[in-house]
Amino acid sequence: DAGITQSPRHKVTETGTPVTLRCHQTENHRYMYWYRQDPGHGLRLIHYSYGVKDTDKGEVSDGYSVSRSKTEDFLLTLESATSSQTSVYFCAISEHRDSPLHFGNGTRLTVT
Amino acid sequence: QKEVEQNSGPLSVPEGAIASLNCTYSDRGSQSFFWYRQYSGKSPELIMSIYSNGDKEDGRFTAQLNKASQYVSLLIRDSQPSDSATYLCAVKNEAGKSTFGDGTTLTVKP
């Protein structure tokens, strides 16, 4: 999958706990993205990064924060998980501004 | 209004037929346009990229772009049961932000 690793692949957590998902790439691509996918909603952008320490919000950023201290790692943090954040989370990378995205295998997060 | 809208599905076609998938977008600053295919339980994978007005063909797939009408389409000729999947339209703007439609689920019946 184009050198993208998401961890963990599955996680069950309780409401109110912090959760961090990791995306690691070996392609040295500039752009990295976090999406969530829910039935009937397609892929919704949470945050994306256009370089180290450069990030911007997507359409569903509330309740999420991100960090990118190295080119290869993009972290997504749920400060206090809620049941509405139960979803499948996909990380994606893109070499250039107008290049297509390559996706990781996804993380299935369940908040109980 | 959603930034990227796809024709509502599901879409069902017989094997060998042409499947037509449509997408409209609202941001006139959009630069790049993509179609992805996603099988159930899997990650999306790229089928086609298109950047300029007109048609782009790749095997059984043809993407069409009309920037004036803010419209992108995907035609699948000689549809096969293995084409049964959800097809996602995506648009990138000048900042590299990538926005997806909700997808259209295609079923090709043998």
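This section reports on the structure supplied with the text. Keep in mind that this is a model prediction, so the values were computed, not measured.

The next subject is the pairing of strand β5 (residues 45–50) of chain B. Residues and elements named next belong to chain B. Of the pairings in the sheet, the one linking strand β4 (residues 32–38) to β5 comprises five bridges and is antiparallel in character. Within the sheet, the bridge partner assigned to Y36 lies in β5 and is L46. Hairpin connection between β4 and β5: a loop of six residues separates the two successive antiparallel strands, and G41 in this loop has a positive phi of roughly 80°.

Counting residues at the interface gives 23 residues for chain A and 22 residues for chain B. Our enumeration of links across chain A and chain B arrives at zero salt bridges. Inspection of the region where chain A meets chain B yields 12 residue pairs in polar contact (both at pLDDT 80 or more). Looking at the side of chain A that touches chain B, the elements that each hand over two or more residues are β4 (31–38), β5 (42–51) and β9 (87–94) of chain A. For the side of chain A that touches chain B, the per-class residue count stands at 10 nonpolar, 10 polar and three charged.

Residue and element names in this part refer to chain B. Looking at chain direction, strand β6 (residues 54–58) and strand β7 (residues 61–66) are connected through five bridges and run antiparallel. For K56, the partnering residue across the bridge sits in β7 and is A63. In this antiparallel pair of consecutive strands, β6 and β7, the connection spans two residues, and G59 shows a positive phi of 65°.

Within the largest apolar cluster, 23 residues are counted, with the highest numbers of intra-cluster contacts made by W35(B), V72(B), L74(B), I76(B) and Y87(B). Those elements that place two or more of their residues in this core are β3 (19–25), β4, β5, β7, β8 (71–76), β9 (85–92) and β11 (104–109) of chain B. Within the second largest apolar cluster, 19 residues are counted, among which are L21(A), V60(A), V66(A) and F74(A).

Taken as a whole, the largest pocket spans an internal volume of roughly 560 Å³. What lines the largest pocket is a set of 30 residues, among which Q37(A), V88(A), R108(A), Q38(B) and G41(B) lie closest to the centre. Among the secondary structure elements, those contributing two or more residues to the lining of the largest pocket are β4, β9 and β11 (107–111) of chain A together with β9 of chain B. Ranked by the residues each element gives to the lining of the largest pocket, the list is headed by β11(A), at four residues.

Here we take up the state of the cysteines. All names here are of chain A. This structure, assessed with the given rule, holds two disulfides over all chains. One disulfide bridge connects C23 with C91, the sulfur atoms lying 1.9 Å from each other. Its S-S torsion of approximately -70° makes the covalent link between C23 and C91 left-handed. Residue C23 is located in strand β3 (residues 19–25), and its partner C91 is located in strand β9; the two are separated by 68 residues in the primary sequence. Classification of C23 by relative accessible area gives buried; the value is 0%.

The next subject is the environment of A19(B). Residue and element names in this part refer to chain B. Within the secondary structure layout, A19 lies in strand β3. Residue classification places A19 among the buried positions, given a relative accessible area of 0%. Between the alpha carbons of A19 and T107 there is a distance of 9.5 Å; along the sequence they are 88 residues apart. When residues no more than four places from it in sequence are discounted, the contact partners of A19 are L11, V13, L74, L75, I76, S79 and L106.

Bringing the sheet that holds β3(B) into the picture now. The strands that make up a sheet are held in pairs by hydrogen bonds between backbone atoms, and each pair lies either parallel or antiparallel. All names here are of chain B. Strand order in the open sheet formed by five strands is β1-β3-β8-β7-β6, and the pairing between neighbours is antiparallel. Taken across any chain shown, the strands that pair with only one partner, and hence form the sheet edges, are β1 (4–6) and β6. The average angle at which neighbouring strand axes cross in this sheet is 15°, direction not considered. Where β7 lies against β8, six bridges are found, and the strand directions are antiparallel. Bridging across to β8, Q64 finds its partner in S73.

As enumerated under the stated definition, the model contains eight salt bridges over all chains in all. Between E3(B) and K97(B) there is a salt bridge, with the nearest N and O atoms lying 3.9 Å from each other. Highlighted residues: E3(B) in the segment before β1 and K97(B) in the loop between β9 and β10 (98–100), separated in sequence by 94 residues. The residue E45(B) makes a salt bridge to R37(B) at a minimum N-O spacing of 3.1 Å. A residue is classified by how much of its surface remains accessible, and E45(B), at 33% relative accessible area, is partly exposed. Through salt bridges that share partners, R22(A), K70(A) and D73(A) make up one connected network.

The rules behind each value
- All residue numbers refer to position in the chain's written sequence, counted from 1.
- Here chains are named by letter from A upward and ligands by number from 1 upward, in the order in which they appear as written.
- Where local features are concerned, this predicted model is filtered to residues with pLDDT of at least 70; where side-chain atom pairs are given and counted, the filter is 80 or more; whole-chain, interface and lining totals use all residues.
- For side-chain calculations, the full set of non-hydrogen atoms in the structure is used, while hydrogens and water are omitted.
- Any two strands with at least two DSSP bridges between them are considered paired.
- What counts as a helix is a DSSP run of H or I of at least four residues, what counts as a strand is a run of E of at least two, and both are numbered from the N terminus.
- Residues are treated as being in contact if the distance between any of their heavy atoms lies within 4.5 Å.
- Salt bridges are defined as contacts in which a side-chain nitrogen from Lys or Arg sits within 4 Å of a carboxyl oxygen from Asp or Glu.
- A 3.5 Å cut-off defines polar contacts: any pair of N or O atoms within that distance qualifies, except that in protein one atom must be a possible hydrogen donor and the other a possible acceptor, and neighbouring residues in sequence count only when both atoms are side-chain atoms.
- Residues are grouped as follows: nonpolar covers Ala, Val, Leu, Ile, Met, Phe, Trp, Tyr, Cys and Pro; charged covers Asp, Glu, Lys and Arg; every other residue, Gly included, is treated as polar.
- The definition of a nonpolar core used throughout is a set of buried Ala, Val, Leu, Ile, Met, Phe, Trp, Tyr and Cys residues joined through side-chain atoms within 4.5 Å.
- Think of it in three bands: residues with accessible area under 20% of the maximum for their type are buried, residues over 50% are exposed, and the middle band is partly exposed, with areas taken using a 1.4 Å probe on protein chains only.
- Buried and open spaces are told apart on a 1 Å grid over the protein atoms alone, a cavity being a set of points where a 1.4 Å probe fits but cannot get out and a pocket being an open set with protein on both sides within 12 Å along at least five of seven lines. Residues with an atom within 4 Å of a point are the lining residues.
- Grid points are joined across faces, edges and corners, and a volume is the space filled by probe spheres set on the points.
- When two cysteine sulfur atoms are found within 2.5 Å, that pair is recorded as a disulfide.
- Every axis corresponds to a line fitted to the C-alpha atoms, with the helix fit spanning only the stretch in contact, and the corresponding angles, defined between N-to-C directions, vary from 0 to 180 degrees.

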